[in-house]
Structure formats: C-alpha cells, structure tokens
Amino acid sequence: MNIAFESVTFNDLDEIKNLQPKGWSDITLDIGFYLKSTFCNPFKATIENKIVGTGTLITYGNTCWIAHIIVGSDYRNNGIGSQMVNELLKKIKKDSIETCSLIATDLGKPVYLKAGFRAVAEYMLLQREKPWVDCPVSKNVIPFDEKYRIAIYELDKKISGENREMLLKGFMESSMLYVENGKVVGYYMPNLKEGLIFADTKEAGLELMKLKYSNADKAALPIDNVEGLEFLKQKGFVETTTQWTRMVFGKDLNWNPQKIFGRIGGNFG
C-alpha cells in the first residue's frame, strides 16, 4: 500500500470531514485552527490521491504534542496509523524535540505503545446527573487584566511543564483570573476548547470550576486531581466508564496534573 504524506491545506477540509470519528467534535474546526497557527503542522496521508488519514504536530520549542491521529474507517487495521505516528516521530527526532505528549483513546493506545510511548496519567470523564445548584463565587475571581499576562504564562509553564505562550495568547482577553494579594493563583480560559483551568491552589481551582461547570454537561480531569473530581461529584456529576491515557515519548515533563481543574481537550491535554 503506497502512502504519501503531505501538508494539509484549507482545500482538504471537506474531504477530511469524511474521516470524522463517531463521538468526536467537528475535526475540521480543530484542523482549521491548526492551519492558522504557526506552531501547528497538520498533515494528511493519501492513497492514490485520496485522503485516508490525518494527524498534527503541535510544537512548543523543545516539547510537542501529537493530535488528531485519525484513519478512515475503511482503511483501519492496515498499519496506516502506525506509519503516520512514525512519520511524526522522525520529524521530532530531526528537530531535536525532547518530549512528545498525546492523549490516547483505547483505539489508539496500542499504536502509541508500539511506537515507544509510555503512559504517564489517566483522565476521567464525568457526566452531569443532577442539576447544578448555584453558589457564590469568590471576589478574588476577576476578568483578565493585561498587567497579569506574564504571570499567567509563568503559572501555565509551572503547571504544564511547557512554554505554551503561542497557544494561550489568543485566548487571554476572555479569561478569568483568581488573584490573591496581587498574585495570579489560577486562571480560566473559557474559549480555549473545553475551557482550560490551571490553579496553584485548591481554593483557586474550585472557585474557577464554579464558572465553568455550572453550564457544562461533561467534565474531564486527570485522576490525580482528587479534589477537583470530588467537587464535581458533589455538584451532580458522576464518573463514566470512559478514560483517556496521557502518554509521553522521550524525556519526562515536570508537570502537575493535580493542578489541572479543567483540560483543554484531547489535542492539548
């Protein structure tokens, strides 16, 4: 099977939509975002000029993420997913990137294990079962102020272990902050995919969670964030049987999953 790998263009989006996996949000919206972002490199796998798969490399200096590795349902179990991952790993090694991360579904996990990735954390999916009961939000929660931009970048780097300024900068102005004694202790970016919440303390994280989950029907947190998961259960969410695995290739990241109170999504963690 002769497979070609090429960069994705906006003209490919209609055909890529045919690869849409069941239960996923519209993949063309994400790939459109990748095409507009200089730190993202979406590609397509083709057989006789037909797009049969796609994937994206998201790079933050010496770290990166692999996202949206998708093979069309008619072409699965032919090793195409493994070939796409190996193509990306070649580029990662060529560019001397130290760490590559991803979030794996049960379907994709065997492919990544075979390629040399290892599991480092699990994410739990929860579903709303009971209505949200309104509760007051701390006065420490305030809208974004430009003077805190650098502090947000620094807090993000402390928790994620990566320099993600290129990703975050476009979502700053709509963010909400938890500020205590003039210091940013947590932030919430409602327009960044599922709504990113990073917080250095339990108090900051739970207060920002009140903003996000009062209108949400689903939630996904690292199982390491015991306090965040317990808060959601108290507010009417229940665990589902779905879990996702965070995996890494190369050097381990110094990250803090217990301080993630709202993930971005499967493509960014």
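The structure this text deals with has already been given above.
In this text the structure is predicted, and so the values were computed from the model without any measurement.

Novice: Hey, could you go over the environment of L177 for me, with residue numbers and the actual values?
Specialist: Along the chain, L177 falls in strand 8 (residues 176-180). Residue L177 is classed as buried on the basis of its relative accessible area, which comes to 0%. Spatially, the C-alpha atom of L177 lies 4.4 Å from that of Y187, the residues being 10 residues apart in sequence.

Novice: So what's going on with the sheet that holds strand 9 (residues 183-189)? Residues and values would help.
Specialist: In spatial order, the strands read 7-8-9-10-13; together these five strands make up an open sheet with antiparallel pairing. One side of each edge strand has no neighbouring strand; the edge strands of this open sheet are strand 7 (141-143) and strand 13 (260-262). The average angle at which neighbouring strand axes cross in this sheet is 30°, direction not considered. With two bridges joining them, strand 10 (residues 196-199) and strand 13 adopt antiparallel strand pairing. Paired with F198 across the bridge in strand 13 is I260. Packed onto the sheet, helix 5 (residues 149-160) meets strand 8, strand 9, strand 10 and strand 13 and runs at close to 80° relative to strand 9.

Novice: Describe the sheet that holds strand 5 (residues 99-104), naming the residues involved and giving the relevant values.
Specialist: Strand order in the open sheet made by the eight strands is 1-2-3-4-5-12-6-11, with mixed pairing throughout. The open sheet is flanked by strand 1 (4-7) and strand 11 (218-222), the only strands paired with a single partner. Strand-to-strand twist in this sheet, taken as the mean axis angle between neighbours without regard to direction, amounts to 25°. Pairing geometry for strand 6 (residues 118-128) and strand 11, over five bridges, is antiparallel. For Y123, the partnering residue across the bridge sits in strand 11 and is P222. Its contacts with the sheet put helix 2 (residues 27-36) on strand 2 (40-47), strand 3 (50-60) and strand 4 (63-71), and the angle it makes with strand 4 is roughly 140°. Running over the sheet, helix 3 (residues 80-94) touches strand 1, strand 2, strand 3, strand 4, strand 5 and strand 12 (237-250) and is turned about 160° from strand 4.

Rules used in this analysis
- Residues numbered from 1 in each chain as written.
- Predicted model: local features only at pLDDT ≥ 70, side-chain atom pairs only at ≥ 80, totals over all residues.
- Heavy atoms only, no water.
- Helix = DSSP H or I, 4+ residues; strand = E, 2+ residues; numbered from the N terminus.
- Buried < 20%, exposed > 50% of the residue type's maximum accessible area, 1.4 Å probe, protein only.
- Pairing = 2+ DSSP bridges.
- Axes fitted to C-alpha atoms, helices over the stretch in contact; angles between N-to-C directions.
- Contact = heavy atoms within 4.5 Å.

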